[in-house]
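What follows is each chain in one-letter form.
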Amino acid sequence: MDWTEQTETARTWFETLRDRICAEFEAIEREAGSDAAFDYAEWHREEEGNADPGGGTRGLMKGKVFEKVGVNVSSVRGSFAKEFAGTINGASEDAPGFSATGISLVAHMANPHVPSVHMNTRFLATTKAWFGGGADLNPPIPYPEDTEAFHARFRAACSAHNPTYYDRFRKWADEYFYIPHRGVHRGVGGIFYDHLECDDAEGFERNLAFTKDVGEAFLDVYPMLVRRRMESGFTDADVQQQLEWRGRYAEFNLVYDRGTLFGLKTGGNIDAILMSLPPRAVWS
């Protein structure tokens, strides 16, 4: 099946979601008395022999509440390197072609009491086609009520589509967002899903609807948590705890994160790929 039309549909949604998220984050900055806004930079992928390899837009904001937040949308197409193709669902050395579109977001916050967050959703097509993504909360100073609110909102999004999704995808997030060499999770979890396969156009619409609800859940719950904590007072010890936690976050993204590897292996924009890294971190 040719997934060109579906890829364009997914791309349009990811761009719409980006615009809504960025507008909400800028509104939070204005509430805090800041005029910070996103700076957007387009990038174009290069691949030898490929006249239309795609690219994307990196959005970056540094403000009073959001010390550093990146929201990227990319749409790329081409062929995987032969040594990498065999590691991707539906691709092989003999069938290395792919297309991919997605949104990726990481927010590092100025106030240690405001949780950092990661969210991404994506659609990929090789000889198979599937959605993946999720969101996870990463507070340097966890609050049980924030964790419960975050999980409750994603539980509701999952339950509207399949009664097994939340338990499956929460467990997957707990297993994935784990730092083996530290023996700790990088945050308080969320949901993570991959290879939500689309056998036909009907399957695409069904899985796109779920992926849209994941984006809506994020847009609903995370700004609420930011506003709940952004005016909290904090100490030097709180900042130190935040910086040490950020060191672990950086370790995970550089050593274990699949998205980082995928971006680097497919000729993605380096600044966009590494925007997930915190602006400051320490290793004690």
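Since the structure is predicted, the reported quantities are computational estimates derived from the model, not experimental observations. (Residues numbered from 1 in each chain as written. Predicted model: local features only at pLDDT ≥ 70, side-chain atom pairs only at ≥ 80, totals over all residues. Heavy atoms only, no water.)

Before going further, it helps to spend a moment on the nonpolar core. Within the largest apolar cluster, 55 residues are counted, with the highest numbers of intra-cluster contacts made by Ile21, Phe25, Phe66, Phe131, Phe154, Phe218 and Tyr222. The dominant element in this core, judged by the number of residues it contributes, is helix α5 (residues 201-229), at 11 residues. Setting aside residues up to four positions removed in sequence, Phe66 forms contacts with Phe25, Ile28, Glu29, Met61, Ala107, His108, Met109 and Tyr222. Counting 13 residues, the second largest nonpolar core, distinct from the first, contains Phe84, Phe98, Leu124 and Phe262. (Core = buried A, V, L, I, M, F, W, Y, C linked by side-chain atoms within 4.5 Å. Buried < 20%, exposed > 50% of the residue type's maximum accessible area, 1.4 Å probe, protein only. Helix = DSSP H or I, 4+ residues; strand = E, 2+ residues; numbered from the N terminus. Contact = heavy atoms within 4.5 Å.)

Two modes of strand pairing occur in sheets, parallel and antiparallel, and in both the strands are linked by backbone hydrogen bonds. Spatial ordering of the open sheet is given by β1-β2-β3-β4-β5-β6-β9, a layout of 7 strands whose pairing is antiparallel. The open sheet is flanked by β1 (39-44) and β9 (189-197), the only strands paired with a single partner. With direction set aside, neighbouring strand axes in the sheet form an average angle of 5°. Sheet topology places β1 next to strand β2 (residues 54-61); 6 bridges connect them, and they run antiparallel. In the strand pairing of β2, His44 is matched with Gly55. Across the sheet, helix α1 (residues 4-31) is in contact with β1, β2, β3 (66-79), β4 (97-109), β5 (116-125) and β6 (129-138); its angle to β4 comes to roughly 10°. In the packing of helix α6 (residues 236-255) onto the sheet, the strands contacted are β3, β4, β5 and β6, and the crossing angle to β4 comes to about 170°. (Pairing = 2+ DSSP bridges. Axes fitted to C-alpha atoms, helices over the stretch in contact; angles between N-to-C directions.)

Attention now goes to α1. Taking 1.5 Å per residue as the helical rise, α1 with its 28 residues ought to reach 40 Å, and the 41 Å between its terminal C-alpha atoms agrees with that figure. Positioned one or two residues after α1, Gly33 has a phi angle of 85°, which is positive. (Expected span 1.5 Å × (residues − 1).)

Summed over all chains, the structure comprises 26 aromatic pairs. Judged by centre distance (4.5 Å) and plane angle (10°), the rings of Tyr176 and Phe192 are stacked. Of this pair, Tyr176 sits in helix α4 (residues 165-176) while Phe192 sits in strand β9; the two residues are 16 residues apart in sequence, bridging distant segments of the chain. Across the pair, exposure class does not vary: Tyr176 and Phe192 are buried alike. The positively charged end of Arg229 is found above the aromatic ring belonging to Tyr143, 3.7 Å away from the centroid. (Phe/Tyr/Trp six-rings, centres within 6.5 Å; stacked < 30°, edge-to-face > 60°. Lys NZ or Arg CZ within 6 Å of the ring centre and 35° of its normal.)

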